[in-house]
4 protein chains.
Amino acid sequence: MINVGVIGAGRIGRIHSKSIQGSIEGVQIKTVADVFKDSAKKASEEYNIPNYTDDYKEILNDPEIDAVIICSSTDTHSQISIEAAEKGKHIFCEKPIDYDVEKIKKTLSAVKKAGVKYQVGFNRRFDHNFNKLRELIQDGQIGDPHIIKITSRDPQAPPIEYVKVSGGMFLDMTIHDFDMATFLSGSKITEVYTQGACMINPEIGKAGDVDTAIISLKFENGSIGVIDNSREASYGYDQRIEVFGSKGYVKADNDTNTTVTIASEDGIIAEKPKYFFLERYMDSYINEMTQFFNCIKEDKEVPASGVDGLRAVLVGLAATKSLKEGRPVKIEE
Amino acid sequence: MINVGVIGAGRIGRIHSKSIQGSIEGVQIKTVADVFKDSAKKASEEYNIPNYTDDYKEILNDPEIDAVIICSSTDTHSQISIEAAEKGKHIFCEKPIDYDVEKIKKTLSAVKKAGVKYQVGFNRRFDHNFNKLRELIQDGQIGDPHIIKITSRDPQAPPIEYVKVSGGMFLDMTIHDFDMATFLSGSKITEVYTQGACMINPEIGKAGDVDTAIISLKFENGSIGVIDNSREASYGYDQRIEVFGSKGYVKADNDTNTTVTIASEDGIIAEKPKYFFLERYMDSYINEMTQFFNCIKEDKEVPASGVDGLRAVLVGLAATKSLKEGRPVKIEE
Amino acid sequence: MINVGVIGAGRIGRIHSKSIQGSIEGVQIKTVADVFKDSAKKASEEYNIPNYTDDYKEILNDPEIDAVIICSSTDTHSQISIEAAEKGKHIFCEKPIDYDVEKIKKTLSAVKKAGVKYQVGFNRRFDHNFNKLRELIQDGQIGDPHIIKITSRDPQAPPIEYVKVSGGMFLDMTIHDFDMATFLSGSKITEVYTQGACMINPEIGKAGDVDTAIISLKFENGSIGVIDNSREASYGYDQRIEVFGSKGYVKADNDTNTTVTIASEDGIIAEKPKYFFLERYMDSYINEMTQFFNCIKEDKEVPASGVDGLRAVLVGLAATKSLKEGRPVKIEE
Amino acid sequence: MINVGVIGAGRIGRIHSKSIQGSIEGVQIKTVADVFKDSAKKASEEYNIPNYTDDYKEILNDPEIDAVIICSSTDTHSQISIEAAEKGKHIFCEKPIDYDVEKIKKTLSAVKKAGVKYQVGFNRRFDHNFNKLRELIQDGQIGDPHIIKITSRDPQAPPIEYVKVSGGMFLDMTIHDFDMATFLSGSKITEVYTQGACMINPEIGKAGDVDTAIISLKFENGSIGVIDNSREASYGYDQRIEVFGSKGYVKADNDTNTTVTIASEDGIIAEKPKYFFLERYMDSYINEMTQFFNCIKEDKEVPASGVDGLRAVLVGLAATKSLKEGRPVKIEE
């Protein structure tokens, strides 16, 4: 039995608690921590977690706990990761590890030294559609990949308060797409060029961010790619990917709640995509937890490593710089 | 050069004139006849036809004319066919040959005696989608056919005056579907059972007809099928077919004017089917003419024979009888 | 807290146990019974059920148990239902209640007398796609329903031993479609006509059954319908429905595991349907349990009643008779 | 009656001759010219054109001729255009007008001075799908356009000899996409950034060109866009467009020859796109001719002007420069 401590009982901490508790055999959450003790208590009740605390160090100091799930605020990720590594805990850390490259590198080096597992929360790597894409690509179904195209649009722009502290669209939203591009291509992104616009809410522009963007990508293997983002798609959460290669393409369309269509005078009407990331990616959250614990049990490489976490941030920072300076920016590790 | 006479300058006579004139190499219309001389004149002008007349016998008596296209009213089809055969003309005759089985048999026997080509106007046999279905079936892509399903719905019920003289829905509308079922199955229909309802316009019911029907079919080769009809589909002309067999199915969806879809708050909206038979089947009219003349030129079997015309009427009559008597009816030739 | 006894620990008994245990708040399984004690024991371990037994009467005699889930063999359904009703237990009974109409009526009358809830296992009524269809129909989106079309094909014919005891395809497989037709139409089936064929396995024919069928339906409200069945679709479990009405149609396509398509020299290839009923209808099993217990908690009408169970059997028997006698058969309650 | 001279009897000259002759009322081709007299003769026979010549000046000097269709080699377009304008002929000129911006400007200025119609051969503006997109955008269906995405891939790379003289992929192939982006956006392209790769044929790279590209676009109205190109898509000619805006998106998928799908053990297989531009865009060639002559008859603005022709070349040159210099390039008129 693997004993787990969950650090942070906000939305994502609760999602992971729900996925683990009762669903993953041989794994149980022993303690949940949150700086707001009430949140920790509530989660402990809701997910049958025996202990709760407002001090994550209790988890780190508990010798019975084998692994931690870090879901606290971003600015604490690297510090808690380092401490947990030093205590010999296996670590699942929500993305991003940090916005500061030096801190990330320090974290990865602590993890390496401790020899513990370190998985970063790129949940989309565990999505049924995108996994199928990768499987088909690796199986040679499209030959050599030439072009990767990711459409990633949110159903609604976040509150302006969030925009101001989010690190910018590229680090908060597009970071998933950068990782997905790498995941599917099997090759590193070496250069980005960003075109951004503020078309949805002028307040976002005033806060120094954009809400609409096209980001061109170059990969180490010579292939190229493009991501298009919008903070607000009227028809819902739009998550489509196409990878084109020498033998054809593979393409993932949006998931919908049903397969129902209506034919009427207005046309043939199909359903909109599932509303937002919880609806769309719930299966991926369960899968990523399952695989994290499998890697611990079977001592395997994690499917979304600290280096993957570092790279996505490097690309996000380069994309931000490209937008500011109006020129392509190279990514250097 | 094959010289042609067109008998009947109504809608379908004009469609065929347009298809032939200028588009089919080595074929030209010499004369067009219509009981309304003005109609014949108008068609002659519109399609560059040198002669027009109100007496179809002028066409039959013209030794330069090799083939006739019979598009006159249904009650004259068999008589003109017989006369044309006796004059040694190749004949394309619009469907149905007649509603009277004895008259059809007499016609086919005259044609046989004369040794001329006799093609019946089952234009859907020449449709791009349905031809592809047949090609795939004959190529063994679905293995042995087990189930044939035809959806055939008109966009708008015809005027009640038409309903009263049309011979009933099964002889006027479903007759195309009966022929299509035979065409795709490659086997004769041996029994039908009809369920009909009058759900669109009670006047149709008062006229002794139905506007909605499901007709079950048995084929000589043991397979089974079903046709569903409606006189009025709000979203347009609905012409879909699925044939299921031991290795899978082939399916033809509706044609649309464009491939455009709209994503909005209301859903993902695709186009309705093309409006009605002229829009939907224009290519098939051209193809059927082309193949008719090819059969003359190369002395080949016509792709929609007099026997096909007879069989579709026999099935239509049996379907009508089944509805009236509330029991399955066998088809005997 | 509602205490539950599960009677029968075969495949479907285990599915229901899994759905209930831990997922439905305020409900817990206290005892599982199976004539094979080992099966009961295994289920008790797997789903954390405190007690197991080989005698279902232990469950019926346990005053702490409020509701039973009857998943034993079909021939015991009516007897156990009657006994459970007499003990005042709410009852969920797998379909069919019985193949004998008199026994079903006796059961329903015992249930009525006892005043307990009695829900029959028509799980497809709880499917996301078909529920959406019904919702749209009831919402008036297609106006008055005219034609109901159900395609229901299994991926693989069952073993011939099963065919011999199953009661025939119409009572074993099509019974779900009969119930679905009623569920969607909101009207009773009053007449059926069956065309059947044995095209997949001649052994099925020798056992007196068919493996391929088209069943025409008449409804009390004047609308009509058709079901097509095959025991073996090479491409998987095919479960599609279309309902056509005065304002258009609603249609449910198959579910797939992913939305991925591949474009290659061979065409544009999408995924096959989910493999079989467990994959396809898992969500519906969970929903039907949830709603059953909601009906108990809130003292509401069950969404799939004993009368629904009776009617589906009546239609199945009529379809069987129609096939044998080659004529349409009326359904009388 | 408008009399027309066709200059250049190669592939595109013959396509236009076929479209005009016999199909567009009130328009007739009087003379066809080609530097290879045999080609001119052959075209004259095939399309019933009374005169042929190897000297295009015969056409320009013929006072009976009202309009010319310039389909000669690109290097002659501007010179013949200027001469034709001076002779007062209305002009339809194939794209590009020239690769030399100064020559184009000189041409446009001659045309302006002469006051004749000057339409450039951007046939895709007349395509049924793309026209529908534009209509929906202009009708406000997507609100304000934010992102334009064009996928444009050829089925097979051209011979290396062609690549060497084509002016490069951006001027030969992408030029259509640049014009389409402008057409749909209703706004000028102001900046491009090109990522190119040579992934299909290394010979193309040796010739100084690329065969795969992603081109980011900025528009004057603040919106952004992206084009992805490949010289070789294994599954055929891929021509898809999506335009996303504040109220949703509109999207055009590929055309196919039929709507047929096959379900088999291998999946659900739909047809590949139509093979190449002749199959795909035949209707647009007919429409562009029809509209050109309508503009002459009704003295209206042409739907694809000389300025449009100039702009597409400017963007193509900027894209080429961007690729060479590895930086975004502004477009200045």
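In this text, all values refer to a predicted model and were calculated from it rather than measured experimentally. (Residues numbered from 1 in each chain as written. Chains lettered and ligands numbered in written order. Predicted model: local features only at pLDDT ≥ 70, side-chain atom pairs only at ≥ 80, totals over all residues. Heavy atoms only, no water.)

Asks: So what about the domain arrangement of chain A? Which residues, and what values?
Replies: Residues and elements named next belong to chain A. Domain annotation for chain A reports domain 1 (2-116) and domain 2 (127-281 + 311-330). At the interface, eight residues of domain 1 touch eleven residues of domain 2. Of the roughly 750 Å² buried between domain 1 and domain 2 on both sides combined, carbon and sulfur atoms contribute 75%. On inspection of domain 1 and its partner domain 2, the count reaches zero salt bridges. (Domains from an automatic or database assignment. Contact = heavy atoms within 4.5 Å. Buried area = accessible area lost by both parts, 1.4 Å probe. Salt bridge = Lys/Arg side-chain N within 4 Å of Asp/Glu carboxyl O.)

Asks: So, the environment of K272 of chain B: which residues are in play, and what are the values?
Replies: Mapped onto the fold, K272 of chain B is located in the loop between β14 (267-270) and α11 (277-298). The class of K272 of chain B is partly exposed, set by a relative accessible area of 30%. With sequence-adjacent residues up to four places away left out, K272 of chain B is seen in contact with S264, E265, G267 and I268 of chain A together with Y235, D255 and T256 of chain B. A polar atom in the side chain of K272 of chain B sits 2.8 Å from the backbone oxygen of E265 of chain A. (Helix = DSSP H or I, 4+ residues; strand = E, 2+ residues; numbered from the N terminus. Buried < 20%, exposed > 50% of the residue type's maximum accessible area, 1.4 Å probe, protein only. Polar contact = N/O pair within 3.5 Å; in protein donor to acceptor, adjacent residues only side chain to side chain.)

Asks: So what's going on with the interface of chain A and chain D? Which residues, and what values?
Replies: Taken together, the contact between chain A and chain D spans 42 residues of the former and 42 residues of the latter. Between chain A and chain D the total buried area reaches about 3100 Å² when both faces are included, carbon and sulfur atoms providing 61% of it. When the area that chain A buries against chain D is broken down by residue, the three leading residues are Q195, M199 and I224 of chain A, summing to 18%. Here E242 of chain D and R240 of chain A are joined by a salt bridge, their closest N and O atoms 2.9 Å apart. Where chain A touches chain D, the interface holds 17 residue pairs in polar contact (both at pLDDT 80 or more). Taken together, the residues of the side of chain A that touches chain D sort by class into 16 nonpolar, 14 polar and twelve charged. (Nonpolar A, V, L, I, M, F, W, Y, C, P; charged D, E, K, R; others polar.)

Asks: How would you explain the relation of the copies chain C and chain B if you had to name every residue and give the values?
Replies: The two copies are related by a screw operation: chain C maps onto chain B through 180 degrees of rotation and 0.0 Å of translation along the axis, at an RMSD of 0.0 Å. When the rotation and shift are considered jointly, the pair of chain copies conforms to a two-fold rotation axis. Ranked by how close their C-alpha atoms come to the rotation axis, the residues of chain C are headed by R327 of chain C, at 3.0 Å. Residue by residue, 100% of the interface of chain C is reproduced at the interface of chain B, so both copies engage with the same surface. (Least-squares fit on C-alpha atoms with pLDDT ≥ 70 in both.)

Asks: Tell me about the interface of chain C and chain B, and please be specific about residues and values.
Replies: At the interface, 42 residues of chain C touch 42 residues of chain B. Carbon and sulfur atoms make up 61% of the area that chain C and chain B hide from each other, which totals about 3100 Å². At the junction of chain C with chain B, the criterion picks out six salt bridges. In this structure, the connection of chain C to chain B is made through 17 residue pairs in polar contact (both at pLDDT 80 or more).

Asks: Explain the relation of the copies chain A and chain D residue by residue, including any values.
Replies: For these two chain copies, the linking operation is a rotation about an axis paired with a shift along it. The operation relating chain A to chain D is a screw motion whose rotation component is 180 degrees, with 0.0 Å of axial translation and a residual RMSD of 0.1 Å. A shared interface surface links the copies, since 100% of the contact residues of chain A are contact residues in chain D too.

Asks: Lay out the UniProt feature "domain: GFO/IDH/MocA-like oxidoreductase" (unreviewed entry) in chain A with the relevant residues and their values.
Replies: If you check UniProt for "domain: GFO/IDH/MocA-like oxidoreductase" (unreviewed entry), the listed places come out as residues 130-250 of chain A in our numbering. For residues 130-250 of chain A, the end-to-end C-alpha separation is 10 Å, with 30% helix and 36% strand making up the annotated structure. (UniProt positions renumbered as here; feature names shortened; annotations may be inferred.)

Asks: Go over the sheet that holds strand β5 (residues 90-93) of chain D with me, naming the residues and quoting the values.
Replies: All names here are of chain D. Spatial strand order, β3-β2-β1-β4-β5-β6: six strands in an open sheet with parallel pairing. Of all the strands in the sheet, the pair left with one neighbour each is β3 (51-53) and β6 (118-120). Taking each pair of neighbouring strands and ignoring which way they run, the sheet shows an average axis angle of 20 degrees. Sheet topology places strand β1 (residues 2-7) next to strand β2 (residues 27-33); six bridges connect them, and they run parallel. Bridged to I2 within β2 is V27. Against the sheet, helix α2 (residues 37-46) touches β2 and β3, its axis set at about 165 degrees to β3. Packing of helix α4 (residues 74-86) onto the sheet brings it into contact with β1, β4 (67-70), β5 and β6, and relative to β5 it is tilted by some 165 degrees. (Pairing = 2+ DSSP bridges. Axes fitted to C-alpha atoms, helices over the stretch in contact; angles between N-to-C directions.)

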